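# Residue-level structure breakdown
These are the residues of each chain, in order.
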Amino acid sequence: MSNPSSDADFLIPKTNKLSLSTKLAYGAGDLGPAITANISVFFLLIFFTNVAGIPIGLAGSILLIGKVWDAVNDPIVGLLTDKTQSRRWGRRLPWLLYGAIPFGVFFFLQWIVPPFANDRTAQVSGLFWYYVAIALLSQVFYTVVNLPYTAMTPELTQDYDERTSLNSFRFGFSIGGSVLSLILAQIIFASVSDRAMQYVVLAAVCTVISVLSLYWCVFGTRKRVLAFEAKRIELPQTPSIPIGEQLRIVFTNVPFLFVIGIYLCSWLAVQLTASIIPYFVVNWMGLAESNVPTVLIGVQGTALAMLFVWTNLSKRFGKKAVYFMGMGLWIIAQIGLYFIQPNQIGLLYVLAIMAGVGVSTAYLIPWSMIPDVIELDELQTGQRREGIFYAFMVFLQKLGLALGLFLVGQTLQASGFKEAVQGQGLPIQPDSAIQAIRFGVGPLPMVFLICGLILAYFYPLTREVHAGILLKLKEKQSANES
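In this section: the packing of helix α2 (residues 31-50) against helix α5 (residues 120-150). Their axes nearest at 12 Å, the elements α2 and α5 cross at an angle of 160 degrees. Of the possible angle classes, the one that applies to α2 and α5 is roughly antiparallel. Considering only the axes of α2 and α5, their crossing is left-handed. For the pair formed by α2 and α5, the contact residues are P33, T36, A37, F47 and F48 on the first element and Y131, Y142 and N146 on the second.

Below, the structure is given as structure tokens:
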């Protein structure tokens, strides 16, 4: 059989081990989405209220609309990537190649404050619909580059521990990108006096880095991806299953449902805390806005440093044990954030470091579980459908997150939170809004973390179970080839 790439001169990999260059290139693919997502999570809500001057209830609605649409288009893109055929680039890489530049452009446009009528009502209405339109387009292209990228993991290696290592590189770049974005924010916020221009400059720099990192991933993993495609094409192909039946199989895969729940709980805690922490630092701790990136670097920097520690511990103790260790420390940190007082600045940084230890497991463990679930499905159905599994995992996570952020926005609105007016200083928040901010940064995320621990305790796919699945898959493939 001919090679699927007419200009690729390589052998099909005989080992599941990956080269350092492949791991680095794969990790780089999450740098762009991580930087843009991190800046959006930490600063977009406060940008809407404190720079654009949009009431927080409407700002929460913009995030809701964008995230719901993001969730809706995920399954569509996932199915399309599974069906994509390209002899030159494979199934996943064309999406990254052609989607990188539009992804960067629409990310940048959401940090512009366009001029509208001087009338306050017309101004708020115009800004609302502008940001809704940009959110819809931005989320489409985020999915176009990020979903095919995440579905590449099981195509690069089938080794249980090598996948954990691969994901450690991915999330090393992811958390590293988050830290880099916060360092850039700190430098730019300190160097640029105009608040609106601060975000424009930050968005421009992050856009360039994001696009270039996606191209690094495309060209750095292409050889390995096409080698997998060659091997996949040579194997006997079973008839495709109707979409309704595929969905039934996805949602009757019990381990998959556990992973969805674990991921949803972990990331609700991450995203809710991240969205509210800027308000917490400024309005409760009494620090300047320029101190917000420093606190966030404490969280993300620790998460980055701990990522490779957790990877090694996972090989020794297993994924579930590592998840429990990290979540335990994180829960203690969330409790501390609720009780901390404005004069306890040193304790704030200690709690940020403790939270970072747990946040790293939220990055690493759920995504390391998904490829194992995909192999179980392949054993049961005879098909590899990475796209649909990754799509629906992210679909449910984004849907839950969208609702969570919307409710936070509405709660702060009901508590009397005051948005800024363009050209004026930041308003003083009432006590009711301060209490809502404290609750949102402490007890609420803690509830989700506890739910995630309960689900992780009952997760059924251990290393031994996964080894049995791979053994049965090899036996089936050997029987098909003979």
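The final tally for this structure, using the stated rule, is two cavities of 30 Å³ or more. By volume, the second largest cavity is sized at about 60 Å³. In terms of lining residues, the second largest cavity is bounded by I46, N50, Y279, V282, N283, F417, K418, L426, P427 and Q429. Counting only elements with at least two residues in the lining of the second largest cavity, the list comes to α2 and α10 (254-284). Take the lining of the second largest cavity: its biggest share by element is three residues, from α10. Grouping the constituent residues of the lining of the second largest cavity by class yields six nonpolar, three polar and one charged.

Below, the discussion takes up the packing of aromatic side chains. All told, the structure shown has 20 aromatic pairs when counted by the stated rule. Summarising the aromatic geometry, the rings of F47 and Y131 are spaced 6.2 Å apart at their centres and angled 85 degrees between planes, so their arrangement reads as edge-to-face. With F47 in helix α2 and Y131 in helix α5, the pair connects residues that are 84 residues apart, well separated along the chain. Taking relative accessible area as the criterion, F47 reaches 0% and is therefore assigned buried. Judged by its relative accessible area of 2%, Y131 falls in the buried class. Their ring planes at 80 degrees and their centres at 5.0 Å tell us that F128 and W129 sit as a pair that is edge-to-face. Exposure remark for W129: the relative accessible area of 54% places this residue in the exposed category.

In this structure, F43, F48, W111, Y131, F256, F280 and W330 are the most contacted members of the largest nonpolar core, which totals 148 residues. By residue number, the principal contributor to this core is α10, which donates 19 residues. If near-sequence neighbours (up to four positions away) are discounted, F43 is found in contact with W111, L182, A185, F189, Y199, V292, P293 and L296.

Before going further, it helps to spend a moment on the pattern of salt bridges. Two side chains with opposite charge may pair up if their charged atoms get near one another. The full count for this structure, using the stated rule, is three salt bridges. Two residues, D30 and R170, come together in a salt bridge whose shortest N-O distance is 3.3 Å. Note that D30 is positioned in the loop between α1 (20-28) and α2 and R170 in helix α7 (residues 160-191), a separation of 140 residues in sequence. We classify D30 as buried; its relative accessible area is 5%. Here R170 falls in the buried class, since its relative accessible area comes to 3%. Between D372 and K319 there is a salt bridge whose closest N-O contact spans 2.9 Å. Remark: K319 occurs in helix α12 (residues 319-339) and D372 occurs in helix α13 (residues 345-381); sequence separation between them is 53 residues. Side by side, D372 and K319 carry an identical accessibility label, which is buried.

Here the focus is the environment of L403. When you line up the elements, L403 lands in helix α14 (residues 386-414). Residue classification places L403 among the partly exposed positions, given a relative accessible area of 47%. Along the chain, L403 and L63 lie 340 residues apart, while their C-alpha atoms are 9.2 Å from each other.

The rules behind the values
- Residues numbered from 1 in each chain as written.
- Predicted model: local features only at pLDDT ≥ 70, side-chain atom pairs only at ≥ 80, totals over all residues.
- Heavy atoms only, no water.
- Axes fitted to C-alpha atoms, helices over the stretch in contact; angles between N-to-C directions.
- Helix = DSSP H or I, 4+ residues; strand = E, 2+ residues; numbered from the N terminus.
- Parallel < 35°, antiparallel > 145°, perpendicular 65-115°, else oblique.
- Left-handed = near helix turned anticlockwise from the far one by under 90°.
- Contact = heavy atoms within 4.5 Å.
- 1 Å grid on protein atoms, 1.4 Å probe; cavity = no way out; pocket = protein on both sides within 12 Å on 5 of 7 lines; lining within 4 Å.
- Points joined across faces, edges and corners; volume = space filled by probe spheres on them.
- Nonpolar A, V, L, I, M, F, W, Y, C, P; charged D, E, K, R; others polar.
- Phe/Tyr/Trp six-rings, centres within 6.5 Å; stacked < 30°, edge-to-face > 60°.
- Buried < 20%, exposed > 50% of the residue type's maximum accessible area, 1.4 Å probe, protein only.
- Core = buried A, V, L, I, M, F, W, Y, C linked by side-chain atoms within 4.5 Å.
- Salt bridge = Lys/Arg side-chain N within 4 Å of Asp/Glu carboxyl O.

Coordinates in, geometry out; function isn't part of it.
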